[in-house]
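# An overview of the molecular structure
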Protein chains: 2
Amino acid sequence: MSGMNAPLPLDAAPAFASGARIAEIAALLGDPARANMLLALMGGQALTPGELARHAGVSAPTTSGHLAKLAAAGVVAARAQGRHRYYRLASPEIAEVLHALMVAATAGPPRHRPPGPRDGALRLARSCYDHLAGRLAVALLGALEAQGHVRLSNEGEAAEPTPQGREFLAAFGLDLDGPGQGSGQGSRRPLCRTCLDWSERRPHLSGRLGAGLLERLLVLGWLTRVPGSRALTLTRAGEAGLIATFHLPRDWREGAGGPIRVAS
Amino acid sequence: MSGMNAPLPLDAAPAFASGARIAEIAALLGDPARANMLLALMGGQALTPGELARHAGVSAPTTSGHLAKLAAAGVVAARAQGRHRYYRLASPEIAEVLHALMVAATAGPPRHRPPGPRDGALRLARSCYDHLAGRLAVALLGALEAQGHVRLSNEGEAAEPTPQGREFLAAFGLDLDGPGQGSGQGSRRPLCRTCLDWSERRPHLSGRLGAGLLERLLVLGWLTRVPGSRALTLTRAGEAGLIATFHLPRDWREGAGGPIRVAS
DNA sequence: ATGAGGCTTCGGCCACGGCCGAAACATCCA
DNA sequence: TGGATGTTTCGGCCGTGGCCGAAGCCTCAT
């Protein structure tokens with residue numbers, strides 16, 4: 001055995017998940033209003049009850065009640081700030097659950113799935129909890145791999161930065177050894193993972209690396225958030241920067257599914 | 001870009017998961033009775049309504065109603081066989097959701113988590129949907145790695161069989177190029193993945209390789225199922241075989257958390 | 001200080017859905 | 001052919017929980 005026997009705190013208590021506790025969480029995600037709120041929170045930004053109420057299409061009192069339940073169960077966490085209360089997903093584990101649900105929801109039977117109006121922009125670039133997703137994310141991972149900064153293995157299931165890649169990313173402003181806000185239990189969040197992009201059906205980067213990359217791109221102003229949506233816009237400076245720095249191919253908008261028309 | 005641009009059928013329809021559909025699935029998992037049924041099905045065996053009724057602690061009519069709903073939504077699938085109807089989880093995607101829920105349920109706040117009676121046996125070896133989990137699974141992966149049959153990377157996030165390992169596993173009776181029963185949409189299930197063992201907090205093998213391995217171990221009689229439980233028993237022949245063939249360390253029962261006491 | 005905006009609490013309405021017992025249906029066995 | 005076993009359908013009971021409007025708080029702006 002090699003490094004996999006890292007000093008993980010096993011003693012913590014490996015009790016088994018009870019059906020009751022699972023049902024408790026799932027039931028909270030199982031209400032349309034709450035599901036829409038949580039889906040909005042998957043954008044990664046903390047949102048106020050008012051914004052969440054609009055997302056869910058219910059009144060403020062109803063929203064307040066929902067949020068209280070979600071917070072009590074540890075699904076979301078709140079942070080008071082002046083006159084507002086900002087809610088966010090409580091942990092990466094919860095984001096995992098929502099992600100798995102999204103995959104199952106799309107992979108399922110071919111029911112009627114009305115393509116929403118903003119789909120075009122969402123498919124190009126969006127935030128997924130704390131990292132970048134969409135065609136841009138897929139293309140970016142491709143570019144990183146082509147440059148030898150990241151090595152993919154196992155049919156795209158796994159990714160790992162190369163030594164040269166670490167240097168490159170550090171120069172870009174990423175601290176790969178940072179704390180990485182894992183959820184409790186002392187479990188450190190993995191540095192680099194792939195996450196199946198559920199619109200592109202191809203992997204993109206997640207984990208601490210993916211999160212740091214998105215943060216950096218936002219700070220640089222290369223990407224900007226679209227208010228009230230998970231969609232992200234690639235600025236002109238951003239596109240130029242990504243092409244110059246990451247060698248993003250100029251035709252990245254042309255994926256295997258053809259170019260995406262962004263609704264005007 | 002490398003092999004990651006495999007011929008995946010993108011045209012299939014990358015519509016976005018709606019809150020409604022997500023809520024529909026989550027609501028189905030959000031009832032204690034149904035959650036317990038699905039947890040039982042996570043054992044990987046197809047079960048009859050009667051068995052599921054006992055697992056859930058509800059009457060037969062109630063169970064029947066639950067199963068009808070789950071089947072209609074594509075969460076479970078049924079197969080009639082004589083006087084019995086065998087139910088199983090409908091897809092790996094659903095198993096993924098349940099797994100994420102189990103992780104979230106254990107990782108959450110330290111609520112009271114009564115350790116069940118069969119915990120000891122479960123922690124040693126159990127089935128997880130279609131592959132092996134528990135301390136034995138973790139030790140087995142460690143042995144495979146030590147023998148150079150599998151290469152782990154990225155903090156245990158990823159695993160991949162080496163050429164030598166493929167040969168070894170083929171000799172053991174595994175067909176690594178088999179179809180692999182992925183769920184619809186032509187998406188082929190990954191060959192080899194790791195899955196965080198949520199009792200050991202360490203990775204073990206899943207994917208087609210993990211599934212094939214468990215199947216083979218059961219066929220050989222090295223592992224046997226404990227009726228009415230997800231627990232698996234390592235037979236004397238099995239332990240000897242694993243030590244001889246896989247070089248499983250003799251003291252595999254002694255994990256980082258100390259030996260496990262199996263309730264008598 | 002006074003008002004405005006945002007959020008929460010309270011009270012009450014109503015529907016959805018889980019639960020069971022009884023009975024119908026299906027399948028296998030004798 | 002009859003009876004035993006497993007499964008589903010039907011009917012009815014009842015609790016849980018989502019929803020809103022009105023009113024109360026709190027925080028900030030004027």
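Anyway, here's the lowdown on the structure attached to this text. All of these numbers come straight from a predicted model, not from anything done at the bench. (Residues numbered from 1 in each chain as written. Chains lettered and ligands numbered in written order. Predicted model: local features only at pLDDT ≥ 70, side-chain atom pairs only at ≥ 80, totals over all residues. Heavy atoms only, no water.)

### Describing the overall build of chain A
Of regular secondary structure, chain A possesses 10 helices and 10 strands. When contacts within chain A are restricted to residue pairs at least 6 apart in sequence, those whose partners lie at least 24 apart make up 58%. (Helix = DSSP H or I, 4+ residues; strand = E, 2+ residues; numbered from the N terminus. Contact = heavy atoms within 4.5 Å.)

### Quick word on the pairing of strand 2 (residues 84-89) of chain A
Residues and elements named next belong to chain A. The sheet contact formed by strand 1 (residues 76-81) and strand 2 spans 6 bridges and is antiparallel. Bridge pairing links Val76 to Leu89 in strand 2. Where strand 1 folds back onto strand 2 in an antiparallel hairpin, the turn is made up of 2 residues, including Gly82, whose phi is positive at roughly 60 degrees. (Pairing = 2+ DSSP bridges.)

### Focus: unusual backbone geometry
Residues and elements named next belong to chain A. A positive phi angle, near 65 degrees, is found at Tyr129, a position not held by glycine. With respect to the helices and strands, Tyr129 occurs in the loop between strand 3 (126-128) and strand 4 (131-133). Despite not being glycine, His247 has its phi angle at roughly 60 degrees, a positive value. As for its placement among the helices and strands, His247 is situated in the segment after helix 10 (236-246).

### Some thoughts on the protein's contact with DNA strand C
As a structural note, the neighbourhood of DNA strand C is formed by 19 residues, with Arg34, Thr62, His66, Lys69 and Gly82 of chain B the closest of them. Put simply, 81% of the atoms of DNA strand C that lie within 4 Å of the protein are in sugar or phosphate. One nitrogen or oxygen atom from the side chain of Ser64 of chain A is found 3.1 Å from a phosphate oxygen belonging to DNA strand C. Going through the elements one at a time, helix 3 (49-56), helix 4 (60-72) and strand 2 of chain A together with helix 4 (60-72) of chain B are the ones with two or more residues in the surface near DNA strand C. For the surface near DNA strand C, a count of residues per class yields 6 nonpolar, 8 polar and 5 charged. (Near = heavy atom within 4 Å. Polar contact = N/O pair within 3.5 Å; in protein donor to acceptor, adjacent residues only side chain to side chain. Nonpolar A, V, L, I, M, F, W, Y, C, P; charged D, E, K, R; others polar.)

### A closer look at the protein's contact with DNA strand D
In the vicinity of DNA strand D, 20 residues are found, and the nearest of them are Arg34, Ser59, Thr62, His66 and Lys69 of chain A. Each atom of DNA strand D within 4 Å of the protein was classed as base or backbone; sugar and phosphate made up 69%. Residue Ser59 of chain A places a side-chain N or O atom 3.0 Å away from a phosphate oxygen belonging to DNA strand D. In the environment of DNA strand D, a phosphate oxygen lies 3.3 Å from a nitrogen or oxygen atom belonging to the side chain of Arg85 of chain B. Breaking the surface near DNA strand D down by element, the ones donating at least two residues are helix 4 of chain A together with helix 3 (49-56), helix 4 and strand 2 (84-89) of chain B. In terms of residue count, helix 4 of chain A provides more of the surface near DNA strand D than any other element does, 4 residues in total. Looking at the surface near DNA strand D, its residues break down into 6 nonpolar, 8 polar and 6 charged.

### Considerations on helix 8 (residues 163-171) of chain B
Residues and elements named next belong to chain B. Listed as buried for helix 8 are Gly165, Phe168 and Leu169. End-on, the buried residues of helix 8 take up no more than an arc of 95 degrees, which puts them together on one face. Among the exposed residues of helix 8, those oriented more than 90 degrees off its buried face are Pro163, Glu167 and Ala171. Its buried side turned inward, helix 8 meets helix 7 (135-146), helix 9 (207-219) and helix 10 (236-246). (Buried < 20%, exposed > 50% of the residue type's maximum accessible area, 1.4 Å probe, protein only. Arc of directions from axis to C-beta.)

### Description of helix 3 of chain B
All names here are of chain B. For helix 3, every residue scored as buried is listed here: Leu52, Ala53 and Ala56. An end-on view of helix 3 places all buried positions within 105 degrees of arc, on one side of the element. Next to the buried residues of helix 3 lie helix 2 (32-41), helix 4 and strand 2. Positive backbone phi, approximately 75 degrees, marks Gly57, located one or two places after helix 3.

### So, the environment of Leu70 of chain B
All names here are of chain B. Its location among the elements puts Leu70 in helix 4. Of the residues examined, Leu70 reaches a relative accessible area of 0% and is grouped as buried. Leu70 sits 32 residues away from Leu38 along the chain, and the two C-alpha atoms are 9.6 Å apart. Once residues lying within four places of it in the same chain are set aside, the contact partners of Leu70 are Leu28, Arg34, Leu38, Val75 and Val76.

### Here we look at the side chain of Ser127 of chain B
Residue and element names in this part refer to chain B. The residue Ser127 is located in strand 3 (residues 126-128) in this model. Its relative accessible area of 0% is what places Ser127 among the buried residues. A distance of 2.5 Å separates a polar side-chain atom of Ser127 from the backbone oxygen of Gly43. Apart from residues lying up to four places away in sequence, Ser127 is in contact with Met42, Gly43, Leu214, Arg225, Arg230 and Leu232.

### Observations regarding the nonpolar core
Leu38, Val75 and Leu89 of chain A together with Leu38, Val75 and Leu89 of chain B are the most contacted members of the largest nonpolar core, which totals 73 residues. It is helix 5 (residues 92-107) of chain B that contributes the most residues to this core, 10 residues altogether. Excluding its chain neighbours within four sequence positions, the residues that come into contact with Leu89 of chain A are Leu38, Leu41, Met42, Val75, Val76, Ala77, Ile94, Ala95, Leu98 and Tyr129 of chain A. (Core = buried A, V, L, I, M, F, W, Y, C linked by side-chain atoms within 4.5 Å.)

From the geometry alone we can't say anything about function, so treat these as descriptive.
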